[in-house]
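# Structural characterization, general
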Amino acid sequence: MLSPERLALPDYEYLAQRHVLTYMEDAVCQLLENKEDISQYGVARFFTEYFNSVCQGTHILFREFSFIQATPHNRASFLRAFWKCFRTVGKNGDLLTMREYHCLLQLLCPDFPLELTQKAARIVLMDDAMDCLMSFSDFLFAFQIQFYYSEFLESVAAIYQDLLAGKNPNTVIVPTSSSGQHRQRPPLGEASMLEGVEASQFSQCLENLCDRHKYSCPPPALVKEVLSNVQRLTFYGFLVALSKHHGINQALGALPDKGDLMHDPAMDEELERLVVRSRLHRTSRQHRAEEPGAFGFQRRDKLEAPESMPSASASSPYPYRWEPRE
Amino acid sequence: MIPGKYRSVSGRAANNVEFKLNKETPSFSGRLLQHDLERNYSSRQGDHITLASSSMPSFPILQRSSEEKILYSDRLTLERQKLTVCPIIDGEEHLRLLNFQHNFITRIQNISNLQRLIFLDLYDNQIEEISGLSTLRSLRVLLLGKNRIKKISNLENLKSLDVLDLHGNQITKIENVGHLCDLRVLNLARNLLSHVDNLSGLDSLTELNLRHNQITFVRDVDNLPCLQRLFLSFNNISTFESVCCLADSSSLSDITFDGNPIAQESWYKHTILQNMTQLRQLDMKRVTEEERRMASVAAKKEEEKKRESHKQSLLKEKKRLTINNVARKWDLQQHRISSIAPNQDRKVSDCPQDPSQLRGSTVSAFPEETGSLDSGLTSALQGLSVTDTHLVEVDGDTLSLYGSGALESLDRNWSVQTAGMVTTVSFTFIEFDEIVQVLPKLKIKFPNSLHLKFKETNLVMLQQFNALAQLRRVDQLTVDPQGNPVVNFTLWKYYVLFRLSHFSMQKINGTEVTQNDMIMAERLFGILAHVASSELPQYRLISILGDARKKQFRYLLETKGKKPGLVNEENSDSKRLVGENTNRATLNYTTRDFYNERLEEIKEKKKFCKMYMEDLVKEATEINMKNEALQKLWPQMFIELVRDAVIEIRNKNSYMKLCLQQITDQK
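Everything numeric here is computed off the predicted structure, so don't read it as measured data. (Residues numbered from 1 in each chain as written. Chains lettered and ligands numbered in written order. Predicted model: local features only at pLDDT ≥ 70, side-chain atom pairs only at ≥ 80, totals over all residues. Heavy atoms only, no water.)

### A look at the overall build of chain A
Scanning chain A from terminus to terminus reveals 18 helices and two strands. Counting over 326 residues, chain A shows a buried share of 47%. Long-range pairs, those at least 24 residues apart, make up 69% of the contacts in chain A between residues at least 6 apart in sequence. Accessible area for chain A stands at about 16,100 Å²; split by element, carbon and sulfur atoms hold 56% of it. (Helix = DSSP H or I, 4+ residues; strand = E, 2+ residues; numbered from the N terminus. Buried < 20%, exposed > 50% of the residue type's maximum accessible area, 1.4 Å probe, protein only. Contact = heavy atoms within 4.5 Å. Areas by Shrake-Rupley, 256 points an atom, 1.4 Å probe, with all protein chains shown as cover.)

### Some details on the pairing of strand β18 (residues 391–395) of chain B
Residue and element names in this part refer to chain B. With four of five residues buried, β18 is to be regarded as a mostly interior element. Sheet analysis places β18 next to strand β19 (residues 398–402), joined by five bridges and oriented antiparallel. Following the sheet pairing, Glu393 is matched in β19 by Ser400. The hairpin formed by β18 and β19 contains two residues between the paired strands, and Gly396 there has a positive phi angle of roughly 70°. (Pairing = 2+ DSSP bridges.)

### Topic: helix α16 (residues 235–244) of chain A
Think of an α-helix as 3.6 residues a turn; residues three or four steps apart then line up on the same face. The buried fraction of α16 of chain A amounts to nine of the ten residues, a majority that puts the element mostly inside the structure. Turning to α16 of chain A, its buried residues number three or more, namely Phe235, Tyr236, Gly237, Phe238, Leu239, Val240, Ala241, Leu242 and Ser243 of chain A.

### Overview of the pattern of salt bridges
For the structure on display, the rule yields 27 salt bridges over all chains. The residue Glu317 of chain B makes a salt bridge to Arg320 of chain B at a minimum N-O spacing of 2.6 Å. Within this pair, Glu317 of chain B and its partner Arg320 of chain B are both found in helix α4 (residues 289–340), separated by three residues, close to a single helical turn. Relative accessible area serves as the criterion here: at 44%, Arg320 of chain B is assigned to the partly exposed category. Glu600 of chain B is the partner of Lys603 of chain B in a salt bridge, and the nearest nitrogen-oxygen pair spans 3.1 Å. With a gap of three residues between them, Lys603 of chain B and Glu600 of chain B both fall in helix α11 (residues 592–649), about one helical turn apart. Sharing partners across several salt bridges, the network here consists of Asp26, Arg63 and Glu64 of chain A together with Lys606 of chain B. (Salt bridge = Lys/Arg side-chain N within 4 Å of Asp/Glu carboxyl O.)

### Notes on the sheet that holds strand β13 (residues 229–231) of chain B
All names here are of chain B. In space, the eleven strands of this open sheet follow the order β3-β5-β6-β7-β8-β9-β11-β13-β14-β15-β16, with mixed pairing throughout. Because the sheet does not close on itself, it has two edges, and the strands there are β3 (75–77) and β16 (285–286). Examined bridge by bridge, strand β15 (residues 281–282) and β16 share two bridges and lie antiparallel to one another. Of the residues in β16, the one forming a bridge with Gln281 is Arg286.

### A word on the pairing of strand β21 (residues 451–455) of chain B
All names here are of chain B. Sheet topology places strand β20 (residues 424–428) next to β21; five bridges connect them, and they run parallel. From the neighbouring strand, Thr424 faces β21, where its bridge partner is His451. A crossover links β20 with its parallel partner β21, the connecting element being helix α6 (residues 432–445), and its sense is right-handed. Bridge count between β21 and strand β22 (residues 476–479): four bridges; the pairing is parallel. Residue His451 lies in a different strand from β22, and its bridge partner there is Gln476. (Right-handed = clockwise from strand over helix to strand, strands pointing away.)

### Some thoughts on unusual backbone geometry
Residues and elements named next belong to chain B. Located in the positive-phi region is Asn154, a residue other than glycine, with phi close to 60°. Its place among the elements puts Asn154 in the loop between β7 (141–143) and β8 (163–165). Under the relative-accessibility criterion, Asn154 is labelled partly exposed at 33%. The phi dihedral of Asn198 falls on the positive side, at around 65°, and the residue is not glycine. Among the secondary structure elements, Asn198 is positioned in the loop between β10 (195–196) and β11 (207–209).

### Topic: the packing of helix α14 (residues 199–212) of chain A against helix α15 (residues 220–228) of chain A
To describe two helices that pack against each other, one gives the angle between their axes and the distance between the axes. Residues and elements named next belong to chain A. The interhelical angle for the contact between α14 and α15, taken along N-to-C directions, is 170°, at an axis separation of 10 Å. Here α15 runs roughly antiparallel to α14, going by the angle between their axes. In this structure, α14 contributes Ala199, Phe202, Ser203, Leu206, Glu207 and Cys210 to the contact, and α15 contributes Pro220, Val223, Lys224 and Leu227. In terms of residue class, the contact of α14 with α15 is built from seven nonpolar, one polar and two charged. (Axes fitted to C-alpha atoms, helices over the stretch in contact; angles between N-to-C directions. Parallel < 35°, antiparallel > 145°, perpendicular 65-115°, else oblique. Nonpolar A, V, L, I, M, F, W, Y, C, P; charged D, E, K, R; others polar.)

### Thoughts on the packing of helix α9 (residues 114–125) of chain A against helix α10 (residues 136–148) of chain A
Residue and element names in this part refer to chain A. Packing of α9 against α10 leaves a shortest axis separation of 8 Å and a crossing angle of 120°. By the angle between their axes, α9 is oblique relative to α10. Pair α9 / α10 crosses with right-handed handedness. Mapping the contact onto sequence places Leu116, Thr117, Lys119, Ala120, Ile123 and Val124 in α9 and Asp138, Phe139, Ala142, Phe143, Gln146 and Phe147 in α10. (Left-handed = near helix turned anticlockwise from the far one by under 90°.)

Shown next, in the form of structure tokens:
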């Protein structure tokens, strides 16, 4: 805790890097909004709950987009929440359109912007036939890259355009052997053979970018690794490679590996319980349907006891723990 | 051919053969009074007629014995003589009655000399053309029934004609009878007439028989001043308009229409009786007073019904126009939204074909014309409010709303009976966000609404279905693909079933909901519910649920007439809100406008928080700085402190003196 680097930073910078202020401001704001309700059980408890939820990654549920986007931790939490809630959709094998995924996103964040989803879809579909169906895992990983590193990707896009436009006079468009390219990514088609930029140049620029900018970018080493395997690549090819790279995924720490994507025993257990309960619920309701009430309606069931709140320190039994990113 | 026994030696003049004439020729005046002249003639044969051949090769010459001539000087019967031509009748210039019935005569000839003829009977022959009558100026009865006459002609000189019988011919048109001003009976039954006109001039006509033709319309009858009996049975009359001239004929007292299509109509009798009050007999039956009275009553009712159906069809037309108008405005509105604010998520997928149409004017004032409520209509199928911009219609158990202006009608005072009967509510051409705002009103005013239908309501997000959870109960949901892009999503039905599971819905878009569907819905979204309830911190739960309740209060307060009953309603409803599956109660839908409004409201707070935090941070950093500065300076300070102390104490004696002095100084 008392590491020397920590003390080396000036005050504001330190706070900014850890986004402490963001959370504090948000906490106070939430407090103000719900004054009456919170005053009932005490401000201290509120702050405890708030920061616990921040740690657990549940603070972003049903919040506005500006908050979700505010810090990398928020973004990662949001990704994880999305995965958790809609893993079942993926498990079911449904292929959905971009708009439908957007709808699902909106269930968790009502004002999530469409452009982000569109950009994510473009990565999956290689900017082609935007109405195509996508699988859950494809979309999720692409969305992760797009959302978590959005600013980084914008800069990369700018760099790519510059390189394409021939800012560097050394760019020579020469069709090269396709084997290298296709190893990493799905086939790109004839035209893209002539498109794209030289990987090494690109890599150089990206390194500079990572050094220059403070906001989150993928670990430079891994980026270099991605770029070192190929001669040339297109922008979307690069993004696809990023999205499928396990190392980057793990570095991000939000989602499990692709192989484990559909596994979440804790939630599955919970789900089974819910399904059983709904089945019982339904049959019992049907039994009670014999007696119509006023207006000919069925009698309302008794109030269900709300789900018990987990204690603040409950840890997930699932082996893949959610750890806040350093 | 002339039968053998009567044939004379060829070429010579006739010899005298006795013959008797038919004694039983009925008087023709009696005959005339009967109805159907066809049946009058008894089939008789004239016996003992001598028909000698004349000098002209084809015409036989007829001669009678002088006894006969004296006995029956004015009548001659040549029935069933198998005549093919009219014989020349010599020396009978006083003849007044001539009977050629049942022969095979093809032309009327050789009778021009019989200028005293009054009665000429050519029934049942093969005559194809009326001719050879121009000298018979005294002719009063002309019977040409059952021939092959195609045209009425050559009757110009028969101005004294009293009875003209042309039944059973092939006449297609009534013509050339206008000069027969003494004609009293005209029989044109069993011809090929398709219409009746050209009757002017028949000033004495009393009876007109037109049975068994193909008549479709009748004209000119009102020009017959004496017409009493008109027989139109077995024709092709189907409307009263086609015989409307009959109403103007004041002399008409007896009419028949049986066998016409018009007689099969339900309104036949009373229409005829109503329009022809002078009538005494209809279809051979006397018209009673009772019938007349009933006819006028029925006619009035008919009129009423016609007016009513006219009004109905006008109303229907107006409704259709209104709906078209609403549809058009809706389209414009959709294009307008998408052209002006392209970065809004809520875009219609069938997007602008022609955004250049709208020049970006943001003023939305569609002129609202206050429609006049047509209070005269009763409560079965009607539009209760029809204006140009929206339409509200209650049709038994369905309440249909077209256009956003229609939502205001929910504020109206609906009779308990009407409101209680409504089980289906249909929304068309209304933004779903606007519908969401009136759902609480709907719940109160139409408590029995179980089936909701949405068409062209811009349902684009799954989240919007969350709004339906606040209703009491929904049994069926129909979301028309037209204008509702959400239907294109694969998972929409499951989401609806999941979110509205407490309704135990029976049908979605017409298909039954099975147990498997419910389980699948639960499987797909169950974790979402779990996360939404158990993983949310307590204060979030309360704030979200609290929000929902606050919103409901706000909507309810906006309705007119805050009755105390409403508040109780709200309490029980809020309990029910918690009573539904709690774990998904936090899944709410805020319309975009409200959401943005709330975000705006929060901005102030956020600003304040930011400032507050900044102050805190400033304070903290200051303290931190001071702390750090202290940390840096402390070693030096410490050393100096120690050094000063050591220097002071170096000389014990002088230090003691200093201390004592300090103490005395203090005093």
